[in-house]
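Per-entry structural report
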Amino acid sequence: MARQQHFGWFLSRGFGPHGWGHPYYEWNYPWHRPDLYQQSVRDLEQAGFDLVIIEDALSLGNADTLDLRIRSAYGGPKHDPLLLAPYLFDVTEHIGIAPTVNPLAYSPYQAARQFATLQHLSDYRFGINVVTDVGSSRHFGAEPLAHDAAYDRAEEWLTAVRALWHSWGTDALIADPSTGHFADGSRLDPVRHRGEYYSFDGPLNALPFPSLGEASGTGTGTGTGTGSALPGDPVVVSPGGSGRGLNFAGEQSEVQLALASLDVASIRSYRAKVLDAARAHGRSAADIDILFVFKPIIVSSPEEAQRIVDASAHPSDEALLQVAAGQSSDLETDLTGLDLDRPVDPAIFGDHVSRGSIKGLLGAFDDFADATLRQLLTAKARLGRISERAGYVGTADEVADFIEELGAEADNDGFIFSGDLHPVTIHRMLDELVPILRRRGILRTSFGAGGLRANLRDF
Ligand SMILES: Cc1cc2nc3c(=O)[nH]c(=O)nc-3n(C[C@H](O)[C@H](O)[C@H](O)COP(=O)(O)O)c2cc1C
């Protein structure tokens, strides 16, 4: 029997203009209304997916590159994904929803209260994708922290949020109509937090987990304001891939949204780093699912796969310009006006541009002097056959073979498919693949009770 795996969806362009730049935009779904997302999330639940993670960027970015970010809707506009979550919960029963949340934008008290509310409203299906980007600091009147300090702040924030969630003991809520006694104030921890980044008093004015002893029945408030995770809490997801990011995942997260090359050695190595960090913090492999970002191109036959792969070796200038537009937004540097047949001068990248993203543009080249912009973009546009383990283009059977192999050989926990949350994208990706994965026993066919954490712990 194949290893059962978890599947999720990363709404990679956030709560923004879905399908923009693709012909299917003209299905004319209003992206700013909930219907489009509701329809897609229902399909994902029907498919047996465990969760949807919603990307977010708080900011339109640097003032000098504003137009670049919005010209093709790569960086904005984006609405707040936290506020979309209740609409998605309303039309589903099992799937978890994890909007991206940056500690920069929420005080611990506000975060704890809003997230507790959403955890109750959703019957334990809420999660948060905790990110540490500091590029939006100026909108919040804060100085941008250094990379590792932003992780320190995120850790303090999460500990403080959890302490507030746990400020109610399980026996604080009495709710006995016969005595008229609703709650016992002596069972609440006052939570006086004095830290490096935050200073505030509790306890939290929100219903503790579990509510009135029902729901998953797994939560236990301690009334001691513990900052460690407890089973009734919202699920913590994290995407950071630096050493500090992987350590954060090992210590704090229940899902790591992992970005890596999808081969056995890379997956094993990524898993080992996160699991070593988890063990170092007294946790085990069972406490975290490491789910790899995956964006296959599923086609109807091996011949079609080959045609697409062959065509990708000779992209038109128009196709290269599209790649350049995406890269320009990520790099906050306009590449679209540069001469395709000259090398890029690295001096065009300001200090604010992530070194990782610049390395990503270079790809297999060592230095910008070694390649023209056309060569860099052509390498980015290059596709490969999944059956040859040279890329991600293949038939549904070939993609299922690949998924099964990584489960068996790399002990992979599962995948997060990435793309728009547009019904066309979802159907193209999943219509044929889901039945095949089910037949092989890789994808769940039903959900139990208990919410997102319970679903993640099912296998
Ligand atoms: C797959 C993936 C998804 C991410 N999604 C977001 C996001 O939605 N919003 C955001 O501000 N940062 C996002 N990030 C950035 C990270 O949270 C983090 O700020 C950045 O990766 C720096 O951390 P690192 O150096 O540990 O990777 C994402 C990163 C990865 C790898």
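Each chain has its residues counted from 1, running along the sequence as written. Note on the predicted model: pLDDT of at least 70 is required for a residue's local features to be given, and 80 or more for side-chain atom pairs to be given and counted; whole-chain, interface and lining totals, by contrast, use all residues. Only hydrogens and water are set aside when side-chain values are computed; all heavy atoms of the structure are taken into account.

Brief notes about the environment of I442
The following threshold applies: Secondary structure is summarised from DSSP: a helix means a run of H or I of at least four residues, a strand means a run of E of at least two, and numbering begins at the N terminus for each. Contact between two residues is taken to exist if any of their heavy atoms lie within 4.5 Å; hydrogens are not considered.
Within the fold, I442 resides in the loop between helix 14 (433-439) and helix 15 (451-456). In this structure the C-alpha to C-alpha distance between I442 and P315, which are 127 residues apart in sequence, comes to 36 Å. Sequence-distant contacts of I442, defined by excluding residues within four places in its chain, comprise A2, R3, Q4, Q5, F7, I403, E404 and L437.

A short note on the packing of helix 5 (residues 147-165) against helix 6 (residues 243-252)
Put simply, the rule is: To obtain each axis, a line is fitted to C-alpha atoms, and for helices this fit is confined to the stretch in contact; angles are then taken between N-to-C directions over 0 to 180 degrees. For classification, angles of less than 35 degrees are called roughly parallel, those exceeding 145 degrees roughly antiparallel, those between 65 and 115 degrees roughly perpendicular, and all remaining angles oblique. Each crossing is labelled by how the near helix is turned from the far one, with a counterclockwise turn of less than a right angle marking it left-handed and a clockwise turn marking it right-handed. For this scheme, ten residues count as nonpolar: Ala, Val, Leu, Ile, Met, Phe, Trp, Tyr, Cys and Pro. Four count as charged, namely Asp, Glu, Lys and Arg, and the remainder, Gly too, count as polar.
The interhelical angle for the contact between helix 5 and helix 6, taken along N-to-C directions, is 15 degrees, at an axis separation of 10 Å. Accordingly, the angle class assigned to the pair helix 5 and helix 6 is roughly parallel. The interaxial crossing formed by helix 5 with helix 6 has right-handed handedness. Across the interface between the two elements, H147, D148, Y151, D152, A154, E155, L158 and R162 of helix 5 pack against R244, G245, F248, E251 and Q252 of helix 6. A class-by-class count of the residues in the contact of helix 5 with helix 6 yields 4 nonpolar, 3 polar and 6 charged.

Digging into unusual backbone geometry
The residue after G76, namely P77, is reached through a cis peptide bond having omega 0 degrees. The topology assignment puts P77 in the loop between helix 2 (66-71) and helix 3 (81-90). Look at the link from G202 to P203: it is a cis peptide, with omega at -5 degrees. Tracing the backbone shows P203 in the loop between strand 8 (199-201) and strand 9 (235-238). The backbone of N28 sits at a positive phi, close to 60 degrees, despite the residue not being glycine. Position of N28 relative to the elements: it lies in the loop between strand 1 (6-11) and helix 1 (35-47). With a phi close to 70 degrees, Y124 is a non-glycine residue in the positive phi region. Relative to the assigned elements, Y124 resides in the loop between helix 4 (108-121) and strand 4 (127-130).

Examining the domain arrangement of the protein chain
The condition that has to hold: As annotated, the domain borders come from an automatic or database domain assignment. When two parts are put together, the accessible area they lose, computed with a 1.4 Å probe and summed over both, is reported as buried area. Any carboxyl oxygen of Asp or Glu that lies within 4 Å of a side-chain nitrogen of Lys or Arg is treated as forming a salt bridge with it. Any pair of nitrogen or oxygen atoms within 3.5 Å is treated as a polar contact; in protein, a donor-acceptor pairing is required on top of that, and neighbouring residues in sequence qualify only through side-chain atoms on both sides.
Once the domains are mapped, the protein chain shows domain 1 (6-172 + 182-296 + 417-457) and domain 2 (313-381). Here domain 1 and domain 2 have C-alpha centroids that lie 31 Å from each other. Taken together, the contacts link 9 residues of domain 1 with 10 residues of domain 2. For domain 1, the biggest contributors to the area lost against domain 2 are L68, R69 and Y74; these three give 61% of the whole. Here domain 1 and domain 2 share 1 salt bridge between them. With its nearest N and O atoms 3.5 Å apart, the salt bridge here joins R71 to D334. Between domain 1 and domain 2 we count 4 residue pairs in polar contact (both at pLDDT 80 or more) in total. Its residues assigned to classes, the side of domain 1 that touches domain 2 shows 2 nonpolar, 5 polar and 2 charged.

Quick look at the side chain of D50
What counts is decided by this rule: Residue exposure (1.4 Å probe, protein chains only): buried if accessible area is under 20% of the type maximum, exposed if over 50%, otherwise partly exposed.
Among the secondary structure elements, D50 is positioned in the loop between helix 1 and strand 2 (51-54). Note on D50: relative accessible area 1%, which makes it buried. Polar side-chain contacts of D50 include one of 2.9 Å to the side chain of R444. With residues near it in sequence (within four places) discarded, D50 still touches H6, F7, I95, G96, R444, F447, L452, N455 and L456.

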